[in-house]
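# Observations on the three-dimensional arrangement
Residues per chain, in single letters:
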Amino acid sequence: MIKTEKLSSWSLWGCIILTVIVFGCFFLIGYDNPQGDYNAPQCTEALIIFMYALAALTLVLTVGSVVNSLIAGSGGSNEALTGVPGSKVSLFSLGCLVLSLVPGIIQGLGENEFTAADGTVTSSTMVMVTDMFILSIYILILLAVVSVVFNMLKSFISKK
């Protein structure tokens, strides 16, 4: 059986390598492809499919992890076994998600409709929702990076 740490490491490196390849193709193969007033890179579809695949894989793994945790934790408290207060971590994560949406809602109030070059009109509500989620993603990525750096520093210091 493969150890969880090794599987996690392989998954991380696999995602990094695939991401570098897809973005490399996006920027290096037919990136300068003017169509009218805009640029239409040839590998845009590959990039979009890759992002959808990553989102779908994340969703499947998250649901699987939640189901696995519910099944494993139904018999008692895992905190006594692992030392990790799972319910506190879950509540903190949910709180971070909700709080990361608030700045986007505040910033997006009063948005105007968006009209694309082809005449498609996007309602102001959807523009606000899009801005809210983009800002939320930035905030959550920043929190994730800070958490990883903090955890790595803590781990590095405790090994000395």
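Along each chain, residues carry numbers from 1 onward, in the same order as the chain's sequence is written. It should be noted that, the model being predicted, local features are given only for residues of pLDDT at least 70 and side-chain atom pairs only at 80 or more, the latter also being counted only at that level, while totals for whole chains, interfaces and linings use all residues. Derived side-chain values reflect all non-hydrogen atoms in the structure, with water molecules and hydrogen atoms excluded from consideration.

### Section: the overall build of the chain
Cut-off, in case you're wondering: Only DSSP runs of H or I with at least four residues qualify as helices, and only runs of E with at least two residues qualify as strands; both kinds are numbered from the N terminus onward. Buried residues are those whose accessible area, probed at 1.4 Å on protein chains only, stays under 20% of the maximum for their type, while exposed residues exceed 50% and partly exposed ones sit between those limits. Contacts are residue-level and defined by heavy atoms, with any inter-residue pair within 4.5 Å sufficient.
For the chain, the helix and strand inventory stands at 5 helices and 4 strands. Secondary structure elements in the chain, listed N-terminal to C-terminal, are α-β-β-α-α-α-β-β-α. Residues counted as buried form 10% of the 160 residues belonging to the chain. Of the contacts made within the chain by residues no fewer than 6 positions apart, 39% connect residues no fewer than 24 positions apart.

### A short note on the packing of aromatic side chains
Going by this rule: Between rings of Phe, Tyr and Trp, where Trp is taken as its six-membered ring, a pair exists when centres lie within 6.5 Å; planes separated by under 30 degrees are stacked, by over 60 edge-to-face, and by other angles tilted.
In total, this model carries 4 aromatic pairs according to the counting rule given. Between F26 and F27 the ring centres are 5.0 Å apart and the planes differ by 80°, which places this aromatic pair in the edge-to-face class. Residue classification places F27 among the partly exposed residues on the basis of a relative accessible area of 45%. With a centroid separation of 5.2 Å and an interplanar angle of 45°, the aromatic rings of F27 and Y31 are classed as tilted. Residue classification places Y31 among the partly exposed residues on the basis of a relative accessible area of 35%. An aromatic cluster of three or more residues is present, and its members are F23, F26, F27 and Y31.

### Topic: the confidence of the model for the chain
Note the following rule: The quantity known as pLDDT measures the predictor's confidence residue by residue, on a range of 0 to 100.
A residue-level look at the chain finds 89% of positions with pLDDT of 70 or above and a mean pLDDT of 83. Looking over the chain, one finds the lowest element-wise mean pLDDT in helix α3 (residues 79–82), namely 57, and the highest in helix α1 (residues 4–28), namely 89.

### Topic: helix α5 (residues 124–159)
What counts, and what does not: A helix's residues, less one, multiplied by 1.5 Å, set its expected span.
Helix length check: α5, at 36 residues, gives a terminal C-alpha distance of 52 Å against a target of 52 Å (1.5 Å per residue), a fit within 8%. All buried positions along α5 are accounted for by V127, M128, M132 and S136.

### Some details on α1
In this model α1 runs 35 Å from its N-terminal to its C-terminal C-alpha over 25 residues, within 8% of the 36 Å that 1.5 Å per residue would give. The first or second residue beyond α1 is G30, which carries a positive phi of 65°.

### Comments concerning the environment of L101
Within the fold, L101 resides in helix α4 (residues 86–108). Sequence separation between L101 and V129 is 28 residues; the distance between their C-alpha atoms is 9.5 Å. If sequence neighbours within four positions are ignored, L101 has contacts with M132, F133 and S136.

### Structural notes on the side chain of S100
Going by this rule: The definition of a polar contact used here is a pair of N or O atoms within 3.5 Å, where within protein one atom must be able to donate a hydrogen and the other to accept one, and adjacent residues in sequence count solely through side-chain atom pairs.
Along the polypeptide, S100 turns up in helix α4. One polar contact links the side chain of S100 to the main-chain carbonyl oxygen of L97, over a distance of 2.7 Å. In this structure the side chain of S100 is engaged in a polar contact, spanning 2.7 Å, whose partner is the side chain of S136. Excluding residues within four positions of it along the chain, S100 makes contact with S136, I139 and L140.

### A closer look at the environment of Q107
Assignment of secondary structure puts Q107 in helix α4. In sequence terms Q107 and L135 are 28 residues apart; their C-alpha atoms lie 9.2 Å from each other. With residues near it in sequence (within four places) discarded, Q107 still touches D131 and L135.

### Regarding the side chain of S136
Along the chain, S136 turns up in helix α5. If sequence neighbours within four positions are ignored, S136 has contacts with S100 and L101.

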